[in-house]
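Now for the letters of each chain:
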Amino acid sequence: MAWPRALALLLTLTACTSGSTPTAAPPSPSSTPPALSSTPPTPTSTDLDEASANPEPSYRPLAASESLGGFAPTSVSFVSTRTGWFLGTKACEADVCGVLLQTQDGGRTFLRRNAPPVNVTSVRFADADEGWAYGNGGFDTQGDPGLWRTHDGGRTWKKVLSNPVPSLEVAGGSVWAIVLDLGRTFPQVFRGAVHGDALRLVTQAGNRSATLTVGGSAVYVAAEQGDGPIATTLLVIEPDRLRHRRESPCRGPYEEGLGASTLQLAAGRSGRLIAVCSGEPSAGNQFKVAYRSADGGRTWTRLPNPPGVGYAGGAGSVALTSTGAFMTGFRSQLNKEVGAGRWRVVLDNDEGLGFEYVGFTDDAHGVVLGAYPDSGAWMTDDAGEHWRRLRFH
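Calculation notes
Residues numbered from 1 in each chain as written. Predicted model: local features only at pLDDT ≥ 70, side-chain atom pairs only at ≥ 80, totals over all residues. Heavy atoms only, no water. Phe/Tyr/Trp six-rings, centres within 6.5 Å; stacked < 30°, edge-to-face > 60°. Helix = DSSP H or I, 4+ residues; strand = E, 2+ residues; numbered from the N terminus. Buried < 20%, exposed > 50% of the residue type's maximum accessible area, 1.4 Å probe, protein only. Pairing = 2+ DSSP bridges. Axes fitted to C-alpha atoms, helices over the stretch in contact; angles between N-to-C directions. pLDDT = per-residue confidence, 0-100. Contact = heavy atoms within 4.5 Å. Polar contact = N/O pair within 3.5 Å; in protein donor to acceptor, adjacent residues only side chain to side chain. Disulfide = S-S within 2.5 Å. Core = buried A, V, L, I, M, F, W, Y, C linked by side-chain atoms within 4.5 Å. Salt bridge = Lys/Arg side-chain N within 4 Å of Asp/Glu carboxyl O.

**Q** Any chance you could explain the packing of aromatic side chains here in plain terms?
**A** For any pair of aromatic rings, the description consists of the separation of the ring centres together with the inter-plane angle of the planes. Summed over the entire model, instances satisfying the criterion amount to 10 aromatic pairs. Relative to F392, the ring of F110 lies with its centre 4.9 Å away and its plane at 45 degrees, an arrangement referred to as tilted. Pair noted here: F110 is in the loop between β5 (95-103) and β6 (111-113) and F392 is in the segment after β30 (388-389), with a separation of 282 residues, a long-range link. You'll find F110 and F392 in the same group, each marked buried. Residues F360 and W387 carry aromatic rings whose centres are separated by 6.3 Å and whose planes lie at 80 degrees to one another, so their mutual orientation is edge-to-face. Separated by 27 residues along the polypeptide, F360 in strand β27 (residues 355-360) and W387 in the loop between β29 (377-380) and β30 bring together distant segments of the chain.

**Q** Where do I start with the sheet that holds strand β23 (residues 317-320) in this structure?
**A** Taken in spatial order, the 4 strands line up as β23-β24-β25-β26 in an open sheet, and their pairing is antiparallel. Every interior strand has two partners, whereas the edge strands, β23 and β26 (343-347), have only one. The average undirected angle you get between the axes of adjacent strands in this sheet is 25 degrees. Pairing analysis gives 4 bridges linking β23 to strand β24 (residues 325-328), with the strands arranged antiparallel. Looking at β24, one finds that L320 is bridged to A325.

**Q** How should I be thinking about the confidence of the model for the chain in this particular structure?
**A** Should pLDDT be low for a region, the predicted coordinates there are not to be read in detail. On average, residues of the chain carry a pLDDT of 80, and 77% of them reach 70 or more. Every residue in residues 38-56 scores below 50 in pLDDT, and together they form 36 contacts with partners more than four places removed in sequence or on other chains. This model gives residues 224-228 a pLDDT under 50, and the stretch forms 14 contacts once residues within four places in sequence are excluded.

**Q** Help me understand the side chain of N335 in this model?
**A** By the secondary structure assignment, N335 is in strand β25 (residues 334-337). From its side chain, N335 meets the backbone oxygen of Q333 in a polar contact 3.2 Å long. Excluding its chain neighbours within four sequence positions, the residues that come into contact with N335 are P307, A325, F326, M327, W343, R344 and V345.

**Q** Is there a simple way to explain the pairing of strand β15 (residues 211-215) in this structure?
**A** Look at any regular strand and the pattern is simple: side chains alternate between the two faces of the sheet. Among the 5 residues in β15, 4 count as buried, and that is most of the element. Here β15 folds back onto strand β16 (residues 218-222), and the loop between the two strands holds 2 residues, one of which, G216, carries a positive phi near 65 degrees.

**Q** What should I look at first to understand the sheet that holds strand β8 (residues 131-134) in this one?
**A** The strands making up a sheet are joined through hydrogen bonds of the backbone, oriented either antiparallel or parallel. Spatially, β7-β8-β9-β10 is the arrangement adopted by the 4 strands of the open sheet, whose pairing is antiparallel. Where the open sheet ends on each side, the last strands, each with one partner, are β7 (122-125) and β10 (158-161). If you compare each strand with its neighbour and ignore which way they point, the axes differ by 30 degrees on average. Relative to β10, strand β9 (residues 147-150) is paired through 3 bridges, and the arrangement is antiparallel. Bridging from a neighbouring strand, L147 pairs with L161 of β10.

**Q** It is not clear to me how the state of the cysteines should be interpreted in this structure. Could you clarify?
**A** Linking two cysteines covalently through their sulfur atoms gives a disulfide. Under the defined criterion, the tally for this structure stands at 1 disulfide. For C92, the disulfide goes to C97, at an S-S distance of 2.1 Å. Judged by the sign of its S-S torsion, about -140 degrees, the cystine formed by C92 and C97 is left-handed. With respect to class, C92 is no different from C97; both count as buried.

**Q** Would you mind showing me how to read the side chain of S317 here?
**A** Note on placement: S317 falls in strand β23. Of the residues examined, S317 reaches a relative accessible area of 8% and is grouped as buried. When residues no more than four places from it in sequence are discounted, the contact partners of S317 are Q264, A312, F326, M327, T328, E356, Y357 and V358.

**Q** Would you mind showing me how to read the environment of S174 here?
**A** With respect to the element layout, S174 can be found in strand β12 (residues 174-180). Each C-alpha atom of the pair S174 and V194 lies 5.2 Å from the other, and the pair is 20 residues apart in sequence. The residues contacting S174, other than those within four sequence positions of it, are E169, R191, G192 and V194.

**Q** Is there a simple way to explain the nonpolar core in this structure?
**A** The nonpolar side chains of a soluble globular protein tend to be buried, and buried together. Core analysis: the largest hydrophobic core is formed by 17 residues, its most contacted members being F86, L101, L390 and F392. For this core, the secondary-structure elements that each account for two or more residues are β3 (72-78), β4 (84-92), β5, β28 (366-370) and β29. Looking at this core, the element that brings in the most residues is β5, giving 3 residues. When neighbours within four sequence positions are excluded, L101 is seen to be in contact with L68, F71, G84, W85, F86, F110, L111, R112 and F392. If you look at the next biggest cluster of nonpolar residues, it comprises 16 residues, including A218, A267, C277 and V289.

**Q** What's the story with the pattern of salt bridges in this structure? I'm lost.
**A** Two side chains of opposite charge can pair, provided their charged atoms sit close to one another. Following the criterion strictly, the structure yields 11 salt bridges and no others. For R124, the salt bridge goes to E169, with nearest N and O atoms at 3.2 Å. With R124 in strand β7 and E169 in strand β11 (residues 167-171), this residue pair connects regions lying 45 residues apart in the sequence. On the accessibility criterion, R124 (14% relative accessible area) is buried. Across the salt bridge formed by R344 and E385, the nearest N and O atoms sit 2.8 Å from each other. With a gap of 41 residues between them, R344 in strand β26 and E385 in the loop between β29 and β30 connect regions that are remote in the sequence. Using a relative accessible area of 32% as the deciding quantity, one classes E385 as partly exposed.

See below:
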């Protein structure tokens, strides 16, 4: 069975939780954390081996005269119910072509923007102008694309950081990122202003499989270091930079005899969280346990088990609105939590490959990306009850 990129990446990341000398020590309460320079340093020959300027020589941005046929989105970012960007690739004979599209009418029509000059897999935008591109998408390529920046909605891009950036989110006038050293072993949490290029160190991130999510004014870092790939704590960073380590709901073996191997976390406003802990995948199924928190992870309430079909961990995604939660993954339908932890299917695709991302701009408007290699996209404007497949042209 061919695993999607996201799952392969997670399995690689969770294989090791320590490594080379860190680029910066975590700040003490009385110290001023250093900033990451917005001007990339001049690379040495060793740096080029670790982080080449173009890790995939066959990659190039799609020319304006070339057809969009075969475009497969890998990332999406909406800044309103109507305006968003879809990043992805398409095959161009022997090349892989990068594509960046913008919609200003909720996915009905698209404008071509310029993809970054190297093969990134993820984008995030703060508004119509300020955006970031990052993520290598696999450990079978040399180097890492680093972090790229646009101040004009994706018309032009510049490289602002050579380090690997596996996770990045934007909220409340700030950009938050997990940044690794060039050896990909030492993760730290950095923060920057949405209109600037520099990032400033906040704290260590735990193991290198750490990802972050934002909800309201708080930042949540999942997969903090501990015993095994899933740790016993969840790092919470509040607006005043206070940091709390709270108990993770994924804490060892379940009654069915399976321990958690992955954690998917989604955050809403006012400290609302939903967590899906997943066991090892087996024969098209993966044991899953869901929890809800109403106080930013201080306490957790067990929900009925989500459907076991498909794989939520590594290739999946969860989303939270004020009216419910959504969960999906590789070989899995899109499931909606409809009260008291009960789930029902609201979307499936013909190929049966499932989905790798679900996100909502508000309670009504959401977007889903199909799991690789299908990689279609769907949108809803009625809280996930009905979905329309997007046509990229």
